[in-house]
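Examination of the molecular architecture
Below, each chain spelled out in residue letters.
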Amino acid sequence: MKTYRIATIPGDGIGKEVIPAGRQVLEALAKADPAFAFEFEDFDWGGDYYRKHGVMMPERGLDSLREKDAILFGSAGDPDIPDHITLWGLRLKICQGFDQYANVRPTRILPGIDAPLKRCKPADLDWIIVRENSEGEYSGVGGRVHQGHPIEAATDVSIMTRAGVERIMRFAFRLAQSRPRKLLTVITKSNAQRHAMVMWDQIALEISKEFPDVQWDKELVDAATARMVNRPATLDTIVATNLHADILSDLAAALAGSLGIAPTGNIDPERRYPSMFEPIHGSAFDIMGKGLANPVGTFWSVVMLLEHLGEREAAKRVMQAIETITADTSLHTGDLGGTATTAQVTAAVCAQLAKATVAASRAA
Ligand code: IPM
Ligand code: MG
């Protein structure tokens, strides 16, 4: 039996509700399947930790995560702490510390979800956005001078490296190649940004030569937003810089029906470090503590975590359980226009998983 070591970091807000729900799903899966088990360790890092200790996580925190097989993360964000502190002190510290350079964001319209685009059939929207996750606009390079004086100035410098662009392009082409349509769109803004984005385009062309069976095109980021709305079926795998993909992935999630459903993986493709999986919705303080959060974004992140561990069959089972649940509108949470609670949705998914395993063992 394989035992996977999973770190859970609920973080702030509804992260404290959805991460225990995700853990329940993994536990239900392990209970019904003798092939593997999970060993969880929970970390109380985030806003409350900051109020006590003045930091979002301990200085040597990464060392406690290093030997884990994967990390399940909730969200970081606190109304009383500036956003750049919560972000840089926890999530980015882990992403950058573990060089999780590929951020992967799949989007589909799941069964039963009422998506906002009238002319878009569910089959038309099946995207996977690859976000460069280690540099670019989120490099953290810059500064402020003359603070508080009329001549105050500030910079945020976007750093792009050849090595950084090559590795994310290679990852994106490989991912596109693994999908049935073998179709990649490279997002750019090389008309206005005439240095780094021109290098980005050039490297995309170079790497494309390694993948002759992948069909690819280029789209300016502004035009890409219109294409996502007007011609969703022309897109499949999409690769973009850190900030461009941040924006496009929120649009993608909204077009698929709700931010509450969307998952993400912060991946170290070389597996030198653990990868980290999280729902993209954030801490949502307006609904925290009420049991109303949609746990589906976390469950889908659990699917990505299982895929990363190589547990494809189990991942498929969880995805099927999720889709059975979203198809039933009485199990929709508030973000989807329903009244179901986090606990109800979680119990329904766990029950589905127990059923699926019974069916599988009968068939065997
Ligand atoms: C995301 C989020 C974060 C980001 C925020 C919370 C800083 O929007 O994961 O997409 O911009 O990376
Ligand atoms: Mg975002």
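Predicted, not measured: the structure shown is a model, and the values here were computed from it.

Quick notes on the domain arrangement of the protein chain
- Parsing the protein chain into structural domains produces domain 1 (1–112 + 261–364) and domain 2 (116–255).
- Computed from C-alpha atoms alone, the centre-to-centre distance between domain 1 and domain 2 is 24 Å.
- Each partner contributes residues to the interface: domain 1 has 20 residues there, and domain 2 has 25 residues.
- Taken together, both faces of the contact between domain 1 and domain 2 bury some 1,800 Å²; the carbon and sulfur share is 60%.
- At the junction of domain 1 and domain 2, the tally comes to 1 salt bridge.
- Here Arg167 ties to Asp99 by a salt bridge, and the two come within 2.9 Å at their closest N and O atoms.
- In this assembly, domain 1 and domain 2 are joined by 9 residue pairs in polar contact (both at pLDDT 80 or more).
- Breaking the side of domain 1 that touches domain 2 down by element, the ones donating at least two residues are α4 (83–97) and β4 (102–108).
- Counting residues per element, the side of domain 1 that touches domain 2 draws most heavily on β4, which supplies 7 residues.
- Partitioning the side of domain 1 that touches domain 2 into residue classes produces 11 nonpolar, 5 polar and 4 charged.

What about α4?
- Of all the bends found along α4, the most pronounced is centred on Arg91 and spans about 40 degrees.
- Those residues of α4 that fall on the buried side of the exposure criterion are Thr86, Gly89, Leu90, Arg91, Leu92, Ile94 and Cys95.
- Phi for Asp99, located one or two positions after α4, is positive at around 45 degrees.

Description of unusual backbone geometry
- The phi dihedral of Lys182 falls on the positive side, at around 45 degrees, and the residue is not glycine.
- Mapping Lys182 onto the fold places it in the loop between α5 (162–178) and β8 (183–188).
- For Lys182, a relative accessible area of 30% translates into the label partly exposed.

Observations concerning the site of ligand 1
- Near ligand 1 the following residues occur: Leu87, Arg91, Arg105, Arg131, Tyr138 and Asp246.
- In this structure, Arg105 approaches ligand 1 through a side-chain N or O atom, which is 2.8 Å from an oxygen atom.
- Between an oxygen atom of ligand 1 and a side-chain N or O atom of Arg131, the distance comes to 2.8 Å.
- Coverage of ligand 1 by the protein amounts to 68% of the 320 Å² it exposes when considered alone.
- Of the residues in the shell around ligand 1, the class split is 2 nonpolar, no polar and 4 charged.
- The two domains that each donate at least three residues to the shell around ligand 1 are domain 1 (1–112 + 261–364) and domain 2 (116–255).

Description of the UniProt feature "domain: Isopropylmalate dehydrogenase-like" (unreviewed entry) in the protein chain
- Under the present numbering, the feature "domain: Isopropylmalate dehydrogenase-like" (unreviewed entry) in UniProt falls on residues 5–349.
- Counted over residues 5–349, helix gives 39% and strand 22%. Its end C-alpha atoms are 22 Å apart.

Here's the deal with the nonpolar core
- Membership of the largest hydrophobic core comes to 88 residues, with the highest contact counts inside it found for Phe38, Met169, Trp200, Val239, Leu306 and Ile322.
- Of all hydrophobic cores here, the second largest spans 16 residues; its members include Ile9, Phe43, Leu90 and Cys95.

Overview of the packing of aromatic side chains
- For the structure on display, the rule yields 8 aromatic pairs.
- When the centroid spacing of 5.5 Å and the interplanar angle of 15 degrees are considered together, the rings of Phe173 and Phe211 count as stacked. Of the two residues, Phe173 is situated in helix α5 and Phe211 in the loop between α6 (196–208) and β9 (215–220); the sequence distance between them amounts to 38 residues. The pair formed by Phe173 and Phe211 is uniform in burial state, with each residue classed as buried.

Considering the packing of α5 against α6
- At a closest axis distance of 9 Å, the pairing of α5 and α6 adopts a crossing angle of 45 degrees. Taken together, the axes of α5 and α6 are oblique relative to one another. Of the two possible hands of crossing, α5 and α6 adopt the one that is right-handed. Contacts between α5 and α6 involve Arg162, Val165, Glu166, Ile168, Met169, Arg170 and Phe173 from the first element and Met199, Trp200, Gln202, Ile203, Ala204, Glu206, Ile207 and Ser208 from the second.

Cut-offs used in this document
Residues numbered from 1 in each chain as written. Chains lettered and ligands numbered in written order. Predicted model: local features only at pLDDT ≥ 70, side-chain atom pairs only at ≥ 80, totals over all residues. Heavy atoms only, no water. Domains from an automatic or database assignment. Contact = heavy atoms within 4.5 Å. Buried area = accessible area lost by both parts, 1.4 Å probe. Salt bridge = Lys/Arg side-chain N within 4 Å of Asp/Glu carboxyl O. Polar contact = N/O pair within 3.5 Å; in protein donor to acceptor, adjacent residues only side chain to side chain. Helix = DSSP H or I, 4+ residues; strand = E, 2+ residues; numbered from the N terminus. Nonpolar A, V, L, I, M, F, W, Y, C, P; charged D, E, K, R; others polar. Bend = angle between axes of the 7 residues up to and from the residue. Buried < 20%, exposed > 50% of the residue type's maximum accessible area, 1.4 Å probe, protein only. Near = heavy atom within 4 Å. Areas by Shrake-Rupley, 256 points an atom, 1.4 Å probe, with all protein chains shown as cover. UniProt positions renumbered as here; feature names shortened; annotations may be inferred. Core = buried A, V, L, I, M, F, W, Y, C linked by side-chain atoms within 4.5 Å. Phe/Tyr/Trp six-rings, centres within 6.5 Å; stacked < 30°, edge-to-face > 60°. Axes fitted to C-alpha atoms, helices over the stretch in contact; angles between N-to-C directions. Parallel < 35°, antiparallel > 145°, perpendicular 65-115°, else oblique. Left-handed = near helix turned anticlockwise from the far one by under 90°.

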